[in-house]
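If you want the building blocks of each chain, they are given just below.
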Amino acid sequence: MRTILITGSSGFVGEELLIKLSDENNKIIGIDNFEPSQELKNKKIKNFFFEKTEIRNNQKKLDEIFKKYKPEIIIHCASKILDTTKKKDVWDTNYFASKDLLDLSIKYNLKKFIFTSTFSIFQKSYDYKIDEEETPSYKTVYGETKFKTEQLIMNSDFKGDICILRCPIILGKQRSYRFGILFSMIKDNFNIPLIGDCKNKLSFIHVSDVCDAIKLFFNKSGKYIFNIAADEGEEFQLILSRLIKKANSKSKLKFINKTLGNLLFDITVFFRLIPYTHYHKKIFNYSIILKTEKIKKILNWQPKYSVEQMFEENFLNFDKIQNKNLDSFSKKKAKEGLIRIIKYFI
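In what follows, the accompanying structure is described. (Residues numbered from 1 in each chain as written. Predicted model: local features only at pLDDT ≥ 70, side-chain atom pairs only at ≥ 80, totals over all residues. Heavy atoms only, no water.)

1. A few points about the pattern of salt bridges
Counted according to the given criterion, the structure contains 17 salt bridges. Here Glu72 and Lys111 are joined by a salt bridge, their closest N and O atoms 3.5 Å apart. Of this pair, Glu72 sits in the loop between helix 3 (59-69) and strand 4 (73-76) while Lys111 sits in the loop between helix 4 (87-107) and strand 5 (112-118), and the two are 39 residues apart along the sequence. Asp231 is paired through a salt bridge with Lys296; the nearest N and O atoms lie 2.5 Å apart. Of the two residues, Asp231 is situated in the loop between strand 11 (223-227) and strand 12 (234-235) and Lys296 in helix 11 (residues 293-298); the sequence distance between them amounts to 65 residues. You can call Asp231 partly exposed: its relative accessible area is 42%. Members of the salt-bridge network, linked through shared partners, are Glu51, Lys61 and Lys68. (Salt bridge = Lys/Arg side-chain N within 4 Å of Asp/Glu carboxyl O. Helix = DSSP H or I, 4+ residues; strand = E, 2+ residues; numbered from the N terminus. Buried < 20%, exposed > 50% of the residue type's maximum accessible area, 1.4 Å probe, protein only.)

Here you go:
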């Protein structure tokens, strides 16, 4: 039996990971600043222990948890993602809290440190697949803090094994939020506005495939940074066109001049009129495809989900899970804001 500590255990990735690992007779300690979902509580998972606490500016409490449960492995999923108005909070959560967890992992001689990073350390368009040696091009505080945390971990005195997973956009049947707005518009036959021609290509990954990679690393030694993604890199407009067709929707894609579209997007984001941030401009503006040969070779990992399967699964389930965990941004219904009005005029 392994003793595994998961940060962000009540979030989208953390909860999925917790469920998968609990099936293998592991002892799981979950840390989060909000309670697990009711669905998870109803499962009554054996050998699961939950500690409701903040990870930022809270090293004393974290030390007590490490001392109490004596974990062998930490899977660090907790992060502050898209809040650009409170940069200190993002740094405190993503970087300085990670440093506290790393220091405690060294102090208590943990065997493995696993960190979920992001392809948001890249924020421009690439005409080739990006490998793990590519120089970062982040433009957001989220991307910066994630990359600085990667460096912190890899350059630390931690003597155990290290796995850093650079994840693209993660999908799964339990994720809704901003995609839920898009899916709702398709379901209700509203037209979909897109900035530019949307022929840029992006990587995606299913949460189950992320969990599989983490489990494979349990039996691997060494210190690694891995890109992880589905095999396909597809144009966003083609993904949506295919989904509209499968849904038998009357929605049509409406393409907006790129310069004008980005300007309007920036204005509405600045005044918080829509539930999106500058981070989301990559969907319309950048091609970012991750090269995954390294993780396939070293961990013998293969993705089980295609991009088409991910979006179809998410679409079929988005209205079933909205509002089931109001604390998790990935699992609740996003407020449409100005979209509630303009969708009638597209």
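Continuing now.
2. Details of the side chain of Ser10
Position of Ser10 relative to the elements: it lies in the loop between strand 1 (3-7) and helix 1 (12-22). Relative accessible area serves as the criterion here: at 1%, Ser10 is assigned to the buried category. In this structure the side chain of Ser10 is engaged in a polar contact, spanning 3.5 Å, whose partner is the backbone oxygen of Glu35. (Polar contact = N/O pair within 3.5 Å; in protein donor to acceptor, adjacent residues only side chain to side chain.)

3. Quick notes on helix 8 (residues 236-246)
Buried residues of helix 8: Phe236, Gln237, Ile239, Leu240, Leu243 and Ile244, and no others. On an axial view of helix 8, the arc spanned by its buried residues comes to 155°, and they lie on one face. At the exit of helix 8 stands Asn248, carrying a positive phi of roughly 55°. (Arc of directions from axis to C-beta.)

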